[in-house]
Each structure stands twice: as C-alpha cells, then as structure tokens.
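Listed below, chain by chain, are the residues.
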Amino acid sequence: MTIVNINFDELLAEYRMVWNNRMLATSDRSSEETLKEAIKRELLDENSHPRIRKSKFEKYYSAISRITQSTISNETKVSLIHVHNGIMENLIKES
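On a predicted model such as this, the values are computed, not experimentally measured, just so you know. (Residues numbered from 1 in each chain as written. Predicted model: local features only at pLDDT ≥ 70, side-chain atom pairs only at ≥ 80, totals over all residues. Heavy atoms only, no water.)

Chemist: Can you break down unusual backbone geometry residue by residue, with the values?
Modeler: Even without being glycine, Asp45 reaches a positive phi, approximately 55 degrees. With respect to the element layout, Asp45 can be found in the loop between helix H2 (31-43) and helix H3 (56-69). (Helix = DSSP H or I, 4+ residues; strand = E, 2+ residues; numbered from the N terminus.)

Dropping the structure here:
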C-alpha cells in the first residue's frame, strides 16, 4: 500500500483521539509502523477476550463508522480509512 503525503506522526495522534486517547508505545518503531500495527490488532480484535471476539469484517465496519462519526478533519478521516482499507486487504489475502 502506497500512501503519499501523509504525516504519520499527526495521523497517529488523530487515531489516538478517535480511540479515546489510546496509548500506543512507539519506542523502537516509527509512527507509521505503530499505527498500522494498532489498526491490525483492532481489526483482528486482539484487544478483546477470545470468547467475545468479533470477525475482522465486523471490526472493520465498527472502525470505519467510528472514524466517520468522529470530529477529526475530513482529510484525516480519508487518510485513516485508506490505511484501514490497505490493512484489511492484507488480512483478507492472508486468510
């Protein structure tokens, strides 16, 4: 997935705002890697107990809904959705 002209530092900060200031460690990874890993974990529902996990499709729908209903700028919404789309495409290919 190629993303041009995206400031991943800013996008990660906006992602944290959409997901209730979720703390994401960026110690030895770039903001891009941290953001993509967080989105992948969210889509795979790895933050939930295994017995109550939802499918990646349900989580994708929830994530996109949450992004579109947030107060972040439309440009940021499109960028976050674009990143989610790329990660979802990879998850579908892997399964």
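Chemist: Residues and numbers for the layout of surface pockets, please.
Modeler: The volume enclosed by the largest pocket comes to roughly 160 Å³. Every residue along the wall of the largest pocket is listed here: Asn5, Ile6, Asn7, Glu10, Leu11, Glu14, Glu75, Thr76 and Ser79. Every element with two or more residues in the lining of the largest pocket is listed here: helix H1 (8-18) and helix H4 (74-94). (1 Å grid on protein atoms, 1.4 Å probe; cavity = no way out; pocket = protein on both sides within 12 Å on 5 of 7 lines; lining within 4 Å. Points joined across faces, edges and corners; volume = space filled by probe spheres on them.)

Chemist: Could you give an account of H2, naming the residues involved and the relevant values?
Modeler: Look at H2: 18 Å from first C-alpha to last across 13 residues, which is about the 18 Å you get at 1.5 Å a residue. The set of residues buried in H2 consists of Ser31, Thr34, Leu35, Ala38, Ile39, Glu42 and Leu43. Relative to the axis of H2, the buried residues are bounded by an arc of 160 degrees and lie together on one face. Looking at the buried positions of H2, the neighbouring elements they touch are H1, H3 and H4. Just past H2, the residue Asp45 takes up positive phi, approximately 55 degrees. (Expected span 1.5 Å × (residues − 1). Buried < 20%, exposed > 50% of the residue type's maximum accessible area, 1.4 Å probe, protein only. Arc of directions from axis to C-beta. Contact = heavy atoms within 4.5 Å.)

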